[in-house]
Amino acid sequence: MKRISRRTAITGGFGAAALTLAACGNRTVPTEAGTFTPAPTLTPKAGQNVVTQTLTAAPAKVDLGGKTVSTWAYGESLPGPLIRATAGDLLRITLENRLPDASTIHWHGIRLHNAADGVPGMTQDPVEPDTSFTYEFVAPDPGTYFFHSHVGLQLDRGLYAPLIIDDPDEPGDYDAEWIVTLDDWIDGTGQTPDDVLAGLTGAGASDGGGMDHGDMPMGEGSSDGMDHGEMPMGDEPWGDAGDVAYPHFLINGRIPEAPEIFEAKPGQRVRLRLINASADTIFALALGDHVLSVTHSDGFPVEPVNAKAVYLGMGERYDVIVTVKDGMFPLVARPVGKPDGGQGLAVLKTGAGDVPAPDIQVRELDGEILIGSTLEPAEAARLEDRTVDTELELALQGSMEPYQWAINGAPFGQNTPLSIREGQRVRIIATNQTMMSHPLHVHGHTFALPSGLRKDTVMMAPMESFALDFDADNPGRWAAHCHNAYHQEVGMMTGIDYAS
Ligand code: C2O
Ligand code: CU
């Protein structure tokens, strides 16, 4: 029987022709070496602080907490080394590539100049093995960010780390800070992410860890190959949430059997900087017995909201403040729509108690879970009121069988970049035309949702659409893509181009 994915695109121009065209598998678009002129060296202004760091990307054995895996990482542990600067600082970060493959670094969410954005073939040549590249940029906006490789599926190995930009005018109304980075992990457990993708695309013999999660035989009398919604749709509100079955979920590089233990004192206000660095997993996160006061989304301040639990899509960040109680409390990151179970765990320790069991359940995850796009911006984070000069469509499309994801009718490399002009107020009408959820990420800008909420990565539920507004004040060739690394790798990406 012919099997039709229930995630088949049900509207839009991404039809059979485009699917055939794309069946070759559109990997990271190759570039010819020497296409890009090296970025100019930035000279610090008088009094400007310079943050200098070297990151060496290399094969490594990493201990996840009693379980050691071979992977590619920036050092011996996960996440890679924290980079921390103050808004306005000049960052000068050198990537030494000791990998057997080319690499780059993307500074996710930072409104930097285009030449430092780290997208191979778009903003720079890939950094070849045994060569190095220095990224120099000013980080203008405080907040919680992260950085990661932008080549192939390297993000789903260990090539990621937090990037914190402190606020020179920080009100600092908290006593302690806990940076919490979430990840889904398969590398070195018998498969690499590339094996996983080969399984998903059918290019390899391996079944690649792909999940059999409900691609349904087509029903009698359903002749259009479309799913009309009578079949189970996965976890609300995200429908099908992920494609890959991961053996481990990590918080700060640790499996739940050996969780990180963060110590604070009862009554303290702790700022958690939450980062979802995973490739294919949306998490629902909660701290047992506590309420989270959500203060920032993707680095920008929001009107604080109390929540028992929050969703984090891939590439999203939230900052929350917690007034901590006395005892031992599990911080649980439950993967959404991953039927094989497992979860991420870390522990807050403010007093006596036992370390929670790896599969501890917290009741905060049973109730309402905050969807970040419903937050309201803090006044200071709003864009100035302006009329929109240009409106462009960005449609997320694709299917599981064949495994092909696209934007505006074709995969990256075959679709047409959105074209805008410097100085415009731009509105992108983003539409998810699939039955799967996708975190849409735009480089170099932090757009505003209709509420005014500023985001650089927005979770889009099946068939959901958003108007994304931003000012074209940072010319260059910018990537816009789904932050599911597998979707991006097969083509769910486009460009936003403008010259100065
Ligand atoms: Cu974190 Cu182009 O992405
Ligand atoms: Cu996607």
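Residues numbered from 1 in each chain as written. Chains lettered and ligands numbered in written order. Predicted model: local features only at pLDDT ≥ 70, side-chain atom pairs only at ≥ 80, totals over all residues. Heavy atoms only, no water.

Along the chain, D117 turns up in the loop between β5 (106-108) and β6 (132-138). According to the relative accessible area criterion, D117 is buried, its value standing at 0%. Residues D117 and R477 lie 360 residues apart in sequence; the distance between their C-alpha atoms is 9.4 Å. Dropping the residues within four chain positions of it, D117 is found in contact with I105, H106, W107, L112, T123, H443 and W478. A distance of 2.6 Å separates a polar atom in the side chain of D117 from a polar atom in the side chain of H443. (Helix = DSSP H or I, 4+ residues; strand = E, 2+ residues; numbered from the N terminus. Buried < 20%, exposed > 50% of the residue type's maximum accessible area, 1.4 Å probe, protein only. Contact = heavy atoms within 4.5 Å. Polar contact = N/O pair within 3.5 Å; in protein donor to acceptor, adjacent residues only side chain to side chain.)

A few words now on the packing of aromatic side chains. Inspection of the entire model under this criterion finds 10 aromatic pairs. With centroids separated by 5.1 Å and ring planes inclined at 45 degrees, the aromatic side chains of W107 and F137 adopt a geometry described as tilted. Placement of the pair is W107 in strand β5 and F137 in strand β6, with a sequence separation of 30 residues. Residue W107 shares its accessibility class with F137, and that shared class is buried. One aromatic cluster is present, built from ring pairs that chain together Y74, W107, F133, Y135, F137 and F147. When the ring centre of W72 is taken as origin, the NZ or CZ atom of R157, which lies over that ring, is 3.8 Å away. (Phe/Tyr/Trp six-rings, centres within 6.5 Å; stacked < 30°, edge-to-face > 60°. Lys NZ or Arg CZ within 6 Å of the ring centre and 35° of its normal.)

This next bit is on helix α2 (residues 193-201). A turn of α-helix holds 3.6 residues, and therefore any two residues three or four places apart point the same way. Turning to α2, its buried residues number three or more, namely P193, V196, L197 and L200. Buried residues of α2 fall within an arc of 95 degrees about the axis and therefore sit on the same side. Among the structural elements, α3 (485-489) are those in contact with the buried residues of α2. G202 sits one or two positions beyond α2 and adopts a positive phi of about 80 degrees. (Arc of directions from axis to C-beta.)

Applying the stated rule across the entire model yields 25 salt bridges. Residue D471 is joined to R386 by a salt bridge in which the shortest nitrogen-to-oxygen separation is 3.2 Å. Highlighted residues: D471 in strand β28 (residues 465-471) and R386 in the loop between β19 (344-349) and β20 (390-399), separated in sequence by 85 residues. (Salt bridge = Lys/Arg side-chain N within 4 Å of Asp/Glu carboxyl O.)

We now examine the sheet that holds β6. Ordered by their spatial adjacency, 4 strands build an open sheet running β2-β1-β4-β6, and the pairing between neighbours is mixed. Looking at strand neighbours, the two that pair on one side only are β2 (68-73) and β6, the edges of this open sheet. Ignoring which end each strand starts from, the neighbouring axes of this sheet average 30 degrees apart. Sheet analysis places strand β1 (residues 50-63) next to β2, joined by 6 bridges and oriented antiparallel. Looking at β2, one finds that A60 is bridged to T71. (Pairing = 2+ DSSP bridges. Axes fitted to C-alpha atoms, helices over the stretch in contact; angles between N-to-C directions.)

A separate point is the pairing of strand β4 (residues 90-97). Buried residues dominate β4, accounting for 6 of its 8 residues. Direction of pairing for β1 relative to β4: parallel, over a ladder of 8 bridges. When the bridges of β4 are listed, L55 appears paired with L95.

Here we take up the sheet that holds strand β3 (residues 83-86). Strands sit in the order β3-β8-β7-β5 across an open sheet of 4 strands; the sheet is mixed. With one partner strand each, in any of the chains shown, β3 and β5 form the two edges of the open sheet. For this sheet, the mean angle separating the axes of adjacent strands, direction not counted, is 25 degrees. As paired strands, β3 and strand β8 (residues 160-166) are joined by 4 bridges and run parallel to one another. Across the sheet, the residue bridging to T86 is D166, located in β8.

Omega for the bond connecting L78 with P79 falls within 30 degrees of zero, at -15 degrees, which places this linkage in the cis form. By the secondary structure assignment, P79 is in the loop between β2 and β3. Between E401 and P402 the backbone carries a cis peptide bond, its omega angle lying at 0 degrees. Tracing the sequence through the fold places P402 in the loop between β20 and β21 (404-407). In the Ramachandran plot, N252 falls in the positive-phi region, its phi being about 50 degrees despite a non-glycine side chain.

With that settled, consider the nonpolar core. Core analysis: the largest hydrophobic core is formed by 118 residues, its most contacted members being W107 and Y486. Here this core takes 6 residues from strand β9 (residues 176-185), the largest share from any one element. Look past the residues within four positions of W107 in its chain and what remains in contact with it is L55, I83, I93, L112, A116, D117, Y135, F137, F146, F147 and L163. The next biggest cluster of nonpolar side chains, apart from the first, holds 16 residues, and it includes W238, A284, V332 and I369. (Core = buried A, V, L, I, M, F, W, Y, C linked by side-chain atoms within 4.5 Å.)

The analysis is restricted to geometry; functional conclusions fall outside its scope.
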